[in-house]
Amino acid sequence: MNASALSGRLVSFLPLLATLRDYRLGWLGKDSIAGFSACIVSIPSVIAYAELVHLPPIAGLYAALAAAIGYALFSSSRQVIAGPDAAIGLLAGSTILPLSGGDPARIVVLAAILGILSGVVLLLAAWLKLGVIADLLSRPVLIGYLNGASLVLIATQLGKMFGIKTEGEEFFQVVFTVFGKLPQTQAPTFVLGVLLLGLLVGLARWLPRMPGALAVCTVAIVATFAFDLGSHGIALVGEVPSGVPHLTIPSFLWADVAALAPAAVAIAFLAFSDGILLAQTFAEKNGYEVDPNRELVALGSANILAGVWQGFPVSASQSRTSIVDSAGGLTQVAQLLLALGLLVFLFLLTGLIALLPKVALGAILIVTAVGMVEVASLRGLYKIDRVEFGIAVGVTLVILIAGVVPGIILGLLLSLITVLVGISRPADAVLRIRRGDAKFHDCRDDEEETDTVPGLLVYRLYAPLIFANARHVMTRIRALVAAADPPVKWLVIDAQAIHDMDVTAAQRFADLDRELAEKGMELKIADAPRPFLEELARVGLSEKMGRRDFFVSVKKAREAFEQQLPASAPRSG
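Residues numbered from 1 in each chain as written. Predicted model: local features only at pLDDT ≥ 70, side-chain atom pairs only at ≥ 80, totals over all residues. Heavy atoms only, no water.

Side note on the overall build of the protein
Part 1: Per the secondary structure count, the protein includes 24 helices and 10 strands.
Part 2: The C-alpha radius of gyration computed for the protein amounts to 31 Å, which surpasses the reference 25 Å derived for 573 residues by more than 25%, pointing to a less compact arrangement than a globule.
Part 3: By its C-alpha atoms, the protein is 105 × 70 × 50 Å across when sized along the principal axes.
Part 4: Burial status across the protein gives 50% buried among its 573 residues.
Part 5: The contacts of the protein with a sequence gap of at least 6 include a subset with a gap of at least 24, amounting to 79%.
Part 6: A distance of 2 Å separates the average location of the 44 positive side-chain charges in the protein from that of its 46 negative side-chain charges. (Helix = DSSP H or I, 4+ residues; strand = E, 2+ residues; numbered from the N terminus. Rg over C-alpha atoms; globule rule 2.2 N^0.38 Å. Buried < 20%, exposed > 50% of the residue type's maximum accessible area, 1.4 Å probe, protein only. Contact = heavy atoms within 4.5 Å. Lys, Arg positive; Asp, Glu negative; His and termini not counted. Charge placed at Lys NZ, Arg CZ, Asp CG, Glu CD.)

Here is the structure:
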């Protein structure tokens, strides 16, 4: 292999190399502003998200650093920023805590394993070119998940707001515990929490461009300096290490891998569906294309690197991506500069985190959770489709009762069942002639203004004909034939929408042809696409029927039908 070919393969494998090769110095100013802005804003948030996984705050910085580097190397997006995410963190935390037995060291190991497993699932999906898998996570499932996760997230932070110790992640258990312990509320903690919540809400309403999490953390740290909040019983984050940990693959038990696998698959689904939507949105806005499988690789690499760097599962971040885009970020160099900013903070400024009250992190997470609630989307689903509304509500209820992972699994199953039901009961129509028009149309809502041709039944199926719907479709056709008055002489299948047919359906179609022939009726096919014709040929039906039974259009089939009628027979009615 020559040097040029090797270089081409490296650039294809690592898109960042192409970015650096073609990079213009004039872009550095905008990328620097975008990257460092996102870095400053992200620090308080990622520290808070580590709390969701029951890890020390520093783990949030490790995960953010790893995600930024891993994603930037492989991504086809120029603006998307990867890192810790509230919804992913909650899912990870709710899975890890029951397995850890409350052991902090075991939580660190399990979080790392879960990050690596999630990355492996994403890479495997990329290798199999399964970029379309994100479509399996339908909008109702996402709405239900976000609403359920938001409520669980709010519940888990109530203990910090009231200064009350809570255990577990179950929504109702946590809520009942907090209400039962309200007389034990630590007043200074509660007052500070309410003030910080008010500050976050006020900034969001009147100064939306100011990063609320950063402002709250700054105010809380200054208050600790000024009023010695620790001496008033307000819990602080405490001392955190500086620098970065060594890259290491955690030791694991296969039993842990098996227990974490469902959550890893769920995280992969959520991370990619969120990530590809974000990447496509900003790519369209900025006039370029993204590669879904390349995004799978980027997110997989980000998760694996976060796992080996003592972090936890990560995803794409909408808030940080929006900051980079609004600041004019042009390439993934902005994300590398974000990583550089995090490195500087980790080596020189981690002492500031020690002074941060834990209630500030709780306030940040509660406001984040409220922002995740999809009330308007749920209302829209209710108006548009009650079944999908029911799916969304069902996912939310299962998350609240049984946990996050069961809720997502139920959502995926409901989505697949809905798709299968839709396929197994496809839309169809009996075509009629609109008066004043010689063509056949689907006129089910205006039958009084249409005519039929006596003895001719024209049936259209709006779906592929496959094993899942073949029995239903054939039963439906038999019922239409039996109900026709006068009796059917020709059944014409308008096949223009039957773009696929499997062996099972083809066999049932052949059985229908035989039944009709035994009753003196003829089966004709109009406007058939090539895949449909090829499958008919494979089961020998096209040869049996002959060329005279196939027509280029329904109109031609009607003309042929009328030509073979006796001259005295009625032509339409």
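Some points on the packing of aromatic side chains
Part 1: Enumeration according to the criterion identifies 9 aromatic pairs in this entry.
Part 2: On the numbers, 5.4 Å between centres and 90° between planes, the contact of Y23 with W27 is edge-to-face.
Part 3: W27 gets classed as partly exposed once you look at its relative accessible area, which sits at 25%.
Part 4: Between W490 and F551, the ring centres sit 6.1 Å apart and the planes meet at 35°, which makes this aromatic pair tilted. Of this pair, W490 sits in strand β8 (residues 490–494) while F551 sits in strand β10 (residues 550–551), and the two are 61 residues apart along the sequence.
Part 5: For F551, a relative accessible area of 16% translates into the label buried.
Part 6: Each member of the aromatic cluster is reached from another via a ring pair, and the members are F171, F172 and F176.
Part 7: A cation sits over an aromatic face here: R78 above Y288, 4.1 Å from the ring centre. (Phe/Tyr/Trp six-rings, centres within 6.5 Å; stacked < 30°, edge-to-face > 60°. Lys NZ or Arg CZ within 6 Å of the ring centre and 35° of its normal.)

Considering the nonpolar core
Part 1: Grouped together as the largest cluster of nonpolar side chains are 130 residues, with contacts concentrated most on L61, L91 and Y145.
Part 2: The element that contributes the greatest number of residues to this core is helix α11 (residues 254–286), accounting for 15 residues.
Part 3: Beyond its immediate chain neighbours, meaning those up to four positions away, L91 contacts Y145, A263, A266, I267, L270, V404, V405 and I408.
Part 4: Counting 30 residues, the second largest nonpolar core, distinct from the first, contains L465, V481, A505 and L541. (Core = buried A, V, L, I, M, F, W, Y, C linked by side-chain atoms within 4.5 Å.)

Considering the side chain of T156
Part 1: Within the secondary structure layout, T156 lies in helix α7 (residues 139–162).
Part 2: Overall, T156 belongs to the buried group, its relative accessible area being 14%.
Part 3: Of note is the side chain of T156, whose polar atom sits 2.8 Å from the backbone oxygen of L153.
Part 4: There is a polar contact of 3.2 Å between the side chain of T156 and the side chain of Q157.
Part 5: Once residues within four sequence positions are removed from consideration, T156 is found in contact with E169 and V174. (Polar contact = N/O pair within 3.5 Å; in protein donor to acceptor, adjacent residues only side chain to side chain.)

Focus on the environment of L456
Part 1: The residue L456 is located in strand β7 (residues 456–461) in this model.
Part 2: Sequence separation between L456 and E170 is 286 residues, and the spatial gap between their C-alpha atoms is 63 Å.
Part 3: With residues up to four places along the chain from it excluded, the contact list for L456 reads F440, W490, V492, R558 and F561.

Observations regarding unusual backbone geometry
Part 1: Following D485, the chain continues to P486 via a peptide bond in cis, the omega torsion being 5°.
Part 2: In this fold, P486 is placed in the loop between α20 (467–483) and β8.
Part 3: Of note, D228 is a non-glycine position whose phi angle comes to about 50°, a positive value.
Part 4: Take D228: it is sitting in the loop between α10 (212–227) and α11.
Part 5: Here D228 falls in the partly exposed class, since its relative accessible area comes to 46%.
Part 6: Although it is not a glycine, D527 adopts a positive phi angle of roughly 55°.
Part 7: Mapped onto the elements of the fold, D527 is located in the loop between β9 (522–526) and α22 (530–538).

A short note on the packing of helix α4 (residues 57–74) against helix α14 (residues 333–348)
Part 1: Close contact between α4 and α14 brings their axes to 9 Å; oriented N to C, the two are set at 155°. Between α4 and α14, the angle is such that the two are roughly antiparallel. Between α4 and α14 the crossing geometry is left-handed. Touching I58, L61, Y62, A64, L65, A68, I69, Y71 and A72 of α4 are Q335, L336, L338, A339, L342, L343, F345 and L346, all from α14.
Part 2: Residue classes in the contact of α4 with α14 are distributed as 16 nonpolar, 1 polar and no charged. (Axes fitted to C-alpha atoms, helices over the stretch in contact; angles between N-to-C directions. Parallel < 35°, antiparallel > 145°, perpendicular 65-115°, else oblique. Left-handed = near helix turned anticlockwise from the far one by under 90°. Nonpolar A, V, L, I, M, F, W, Y, C, P; charged D, E, K, R; others polar.)

What to know about a nonpolar patch on the surface
Part 1: Judged by side-chain polarity, F36, V244, L340, V344, F347, L348, L349 and L352 come together as a nonpolar surface patch covering roughly 690 Å² of accessible area.
Part 2: Top contributing element to the nonpolar patch by residue count: α14, with 4 residues. (Patch = residues over 30% accessible without salt bridge, like charges linked within 9 Å, V, L, I, M, F, W, Y side chains within 5 Å. Areas by Shrake-Rupley, 256 points an atom, 1.4 Å probe, with all protein chains shown as cover. Salt bridge = Lys/Arg side-chain N within 4 Å of Asp/Glu carboxyl O.)

Observations regarding the sheet that holds strand β3 (residues 428–430)
Part 1: Strand order in the open sheet formed by 5 strands is β3-β7-β8-β9-β10, with mixed pairing between adjacent strands. Edge strands, defined here as strands with exactly one partner in the open sheet, are β3 and β10.
Part 2: Note that β9 and β10 share 2 bridges and pair parallel. Of the residues in β10, the one forming a bridge with I525 is F550.
Part 3: Against the sheet, helix α24 (residues 554–563) engages β7, β8, β9 and β10, with an angle of about 170° to β8. (Pairing = 2+ DSSP bridges.)

Brief notes about the pairing of β9
Part 1: The buried fraction of β9 is high, at 4 of 5 residues.
Part 2: Sheet analysis places β8 next to β9, joined by 5 bridges and oriented parallel. Bridge pairing in β9 places V492 opposite K524.
Part 3: One crossover worth recording links β8 to the parallel β9 by way of helix α21 (residues 503–518), and it is right-handed. (Right-handed = clockwise from strand over helix to strand, strands pointing away.)

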